[in-house]
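Chains, contacts and geometry: an overview
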Amino acid sequence: MREVSVVGVGMVPFAKYRDKTLAEIGWPAVKAAIEDAGVDKRDIEAAYCGSALGGMMSGQRVLKQLGITGLPIINVENACSSSSSAFRQAYISVAAGVYDVALVLGVEKLTKFGGGTLPLEEEDFEVTHGLVMPALYGMRARRYMHDYGLTDKQLAGVAVKAHKHGSLNPEAQFRNEVTVEEVMAAREIAQPFTLLHCCPSGDGAAAVIIMSVEKARQYTTKPVRVACSEVNSGKYMTGFRDMTTPEITVRGAKQAYEEAGIGPDDVDVAEVHDAFTIAELLYYEALGFCAKGDAAKLLEDGETSLGGRIPVNPSGGLLSRGHPIGATGAAQIVEVVRHLRGQAGDRQVEGAKVGLTHCTGGGISGFDHGACSIHMFSV
Amino acid sequence: MGQAAEDTIEQPLLAGNAVRVGADGTVYLVGVQCAGCQTKVFPPVPVCPECMSEDIDKIDLSSDGSLYSWSVVHVAPKGWNVPYIAGYVDLPDDVRVFAHITGADPGSLEMDMAVTLTTAVLGDKDGAAVESYAFTPKQA
């Protein structure tokens, strides 16, 4: 397998684009990534598009706007892990030597559903009985609070940090800071979550150009190396499962760290899947940033805030940057690459050399999560 | 527990073949057990997810379980009576069941408390009540 580099990144601010089509939301992100890479669009040999609910041929619908057609365009659906899974497919194709230049796109338009909780698969038994994502994460939270003594106030602190980071990100859906009191007093969604514990519904797109390292050197003197690329499915369990331990992330992190030859202590910046406040705390532990049960302390000590030991979600994360689900994985990669290049503006993690992205997708019975993708990058 | 009886009365419950109502009105959750590897699954499936055997039997699952976790849901798709309590119930059959928890004040619920099977109206569709299985705290 060849070494692979990220050469171009681009995204559109996450927001509610009710009057735009999926294609109209998507193309500016692709154009930005192409311009950032300095590559001729005709040199792109294959495109991989992640979208969960964009509908048939999302990739073709976006890419025809820019005349990027006649190449293999592969559409990838893996719920919230769609574009991170698309990235892995692109990575494999370049690493294997099939292509030298590939495009990854993530695009989603959730405003077409009119708001409310994410529409889940109606064939799923638990969904037919009223399972919604806030309830699923809410049950994780309640069990964790019971088992590890986490308080409502500590949990609200995750949203406070997310909004503080998001306030520094011009591409975030929410750019307002919030207080613990505001988080706790917001409208109830699913216990223990108020609205500010939940990622917003929204639209967006993000794109990444990757190349073999040899090819990348033609375009940049500072390519960002893909240190590992990992995607897993969850393990289907019909009986007991410990909802305080996200097994798919624990398993994936172990594989990712082994593949990269890099441990959790070496990670300088991470974008993790904080769809709901509890998720970020569970992932501190699952990714090895702290021991089991210590996540709230890690947050309270400021270790995961900008300026801390391991800043997590400097973009504002899903809670503040937003979560147009199929676009999230690619947007996380855009964010981490910017930090590694020193281009993250007011939220720059100084001297970042190693970054990690983590994106899970869930919402079907019997899984902790249906999919999870972890990538690491280094300079 | 045991083989599902033949002389059952079908009722229009949301859960379809995952619930059985006995001749005396007793409600049972119906699962399957693989004849080969003994794995139990809820709701019923035609093939064993452990060993892929299609030699599986319908069984009545235990009606008593323990509440693993729950959440009071205020925002849900149209049709559900909100707020409702969503929970996971672990049965001694080593089967986890997603269920509405009814007949209880949320403040009275405790982790791992004993709950028992019941039925309840959970919402409505086109003006008609939607009823299904649910769990409720077991009376001491």
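Residues numbered from 1 in each chain as written. Chains lettered and ligands numbered in written order. Predicted model: local features only at pLDDT ≥ 70, side-chain atom pairs only at ≥ 80, totals over all residues.

**Comments concerning the overall build of chain A**
We count it as follows: For the purposes of this entry, the term helix denotes a DSSP run of H or I that reaches at least four residues, the term strand denotes a run of E that reaches at least two, and both are numbered from the N terminus. The size measure is the radius of gyration over C-alpha atoms, and the globule rule it meets is 2.2 Å times the number of residues to the 0.38 power. Residues with at least 20 other C-beta atoms within 10 Å of their own are called buried, those with 12 or fewer are called exposed, and the rest are partly exposed. The C-beta atoms themselves are positioned from the backbone. Any pair of residues counts as being in contact when their C-beta atoms, constructed from backbone geometry, are within 7 Å of one another.
Broken down by element type, chain A carries 13 helices and 11 strands. In summary, chain A has a C-alpha radius of gyration of 19 Å against a globular reference of 21 Å for 379 residues, a match within 12%. Reported as C-alpha extents along the three principal axes, the dimensions of chain A are approximately 55 × 40 × 40 Å. Taken over 379 residues, chain A has a buried fraction of 62%. Considering only intrachain contacts with a sequence separation of at least 6, the fraction spanning at least 24 residues in chain A is 78%.

**Points about the overall build of chain B**
On a plain count of helices and strands, chain B comes out with 0 helices and 10 strands. Reading chain B from its N terminus to its C terminus gives the helix and strand order β-β-β-β-β-β-β-β-β-β. On C-alpha atoms alone, chain B measures out to a radius of gyration of 16 Å, which is about the 14 Å that the 2.2 N^0.38 rule sets for 140 residues. Each of the three principal axes of chain B carries a C-alpha extent, and together these read 40 × 35 × 30 Å. Expressed as a percentage of the 140 residues in chain B, the buried residues total 36%.

**Looking at the interface of chain B and chain A**
In plain terms, the rule: Asp, Glu, Lys and Arg are counted as charged, while Ala, Val, Leu, Ile, Met, Phe, Trp, Tyr, Cys and Pro are counted as nonpolar; the rest, among them Gly, fall into the polar class.
With 29 residues of chain B in contact, the opposing surface of chain A contributes 27 residues. At the level of elements, strand E4 (40-41), strand E6 (64-73), strand E7 (84-91) and strand E8 (95-101) of chain B are the ones that each hand at least two residues to the side of chain B that touches chain A. When residues in the side of chain B that touches chain A are grouped by element, the largest group, 6 residues, is from E6 of chain B. Of the residues contributing to the side of chain B that touches chain A, the split by class is 19 nonpolar, 6 polar and 4 charged.

**Examining the pairing of E8 of chain B**
Residues and elements named next belong to chain B. For clarity, the threshold we go by: For two strands to be treated as a pair, DSSP must find no fewer than two bridges joining them.
Taking burial as the measure, the 7 residues of E8 include 7 buried ones, the bulk of the element. What you see with E8 is no split at all: Val95, Val97, Ala99 and Ile101 on one side and Arg96, Phe98 and His100 on the other are buried throughout. Counting the residues in the hairpin turn of E7 and E8 gives 3 residues, including Asp94, whose phi is positive at 60°.

**Here's the deal with the domain arrangement of chain B**
All names here are of chain B. Under the convention used in this document: These domain boundaries are the output of an automatic or database domain assignment.
Domain annotation of chain B identifies domain 1 (2-60) and domain 2 (64-137). The C-alpha-based centres of domain 1 and domain 2 are spaced at 20 Å. If one sorts the elements of the side of domain 1 that touches domain 2 by residue count, strand E3 (residues 27-34) sits on top with 3 residues.

**Things to note about the sheet that holds strand E10 (residues 354-361) of chain A**
All names here are of chain A. Keep this limit in mind: Geometry is summarised by axes, namely lines fitted to C-alpha atoms with helices restricted to the contacting stretch, and by angles between N-to-C directions that run from 0 to 180 degrees.
One open sheet holds the 9 strands; their spatial order is E3-E2-E4-E7-E1-E8-E11-E10-E9, and the pairing between them is mixed. The sheet is open, and its two borders are formed by strand E3 (73-76) and strand E9 (269-271), each paired with just one other strand. Averaged over all pairs of adjacent strands, the angle between their axes in this sheet comes to 20°, without regard to strand direction. Relative to the sheet, helix H3 (residues 82-95) contacts strand E1 (4-15), strand E2 (46-50), E3, strand E4 (101-109), strand E7 (203-212), strand E8 (224-233), E10 and strand E11 (371-378), its axis offset from that of E4 by approximately 170°.

**Focus on the nonpolar core**
Among soluble globular proteins, nonpolar side chains are generally buried collectively. Worth spelling out the cut-off: Nonpolar cores are built from buried Ala, Val, Leu, Ile, Met, Phe, Trp, Tyr and Cys residues. These are joined into a set through C-beta atoms within 7 Å.
Judged by nonpolar contacts, the single largest core of 166 residues is most densely connected at Val104, Leu105, Ala207, Val208, Ile209, Ile210 and Ala330 of chain A. Aside from chain neighbours lying at most four places away, what touches Ile209 of chain A is Val7, Gly8, Ala33, Ile34, Ala37, Val39, Val101 and Leu103 of chain A.

**Description of helix H5 (residues 133-148) of chain A**
The line we're drawing: To estimate how far a helix should reach, multiply one less than its number of residues by 1.5 Å.
Look at H5 of chain A: 22 Å from first C-alpha to last across 16 residues, which is about the 22 Å you get at 1.5 Å a residue. In terms of burial, H5 of chain A is a largely internal element, 12 of the 16 residues being buried. When we look at burial in H5 of chain A, the residues that qualify are Pro134, Ala135, Leu136, Tyr137, Gly138, Met139, Arg140, Ala141, Arg142, Arg143, Tyr144 and Met145 of chain A. Those residues of H5 of chain A that are buried are in contact with helix H6 (152-166), strand E5 (188-190), strand E6 (193-194) and helix H10 (277-286) of chain A together with E6 and E7 of chain B. Remark: Gly149 of chain A follows H5 of chain A within two positions and exhibits a positive phi of approximately 75°.

**As for unusual backbone geometry**
For residues besides glycine, phi is generally negative; the peptide bonds are generally trans as well. A cis amide bond links Gln191 of chain A to the next residue, Pro192 of chain A, at an omega of 5°. Its location among the elements puts Pro192 of chain A in the loop between E5 and E6. Following Val82 of chain B, the chain continues to Pro83 of chain B via a peptide bond in cis, the omega torsion being -5°. Tracing the backbone shows Pro83 of chain B in the loop between E6 and E7. Phi at Met57 of chain A takes a positive value of approximately 55°, unusual for a residue other than glycine. Among the structural elements, Met57 of chain A can be located in the loop between E2 and helix H2 (58-63). Positive phi values are uncommon outside glycine, yet Asp112 of chain B reaches one of about 65°. Inspection of the secondary structure assignment puts Asp112 of chain B in the loop between E8 and strand E9 (114-125).

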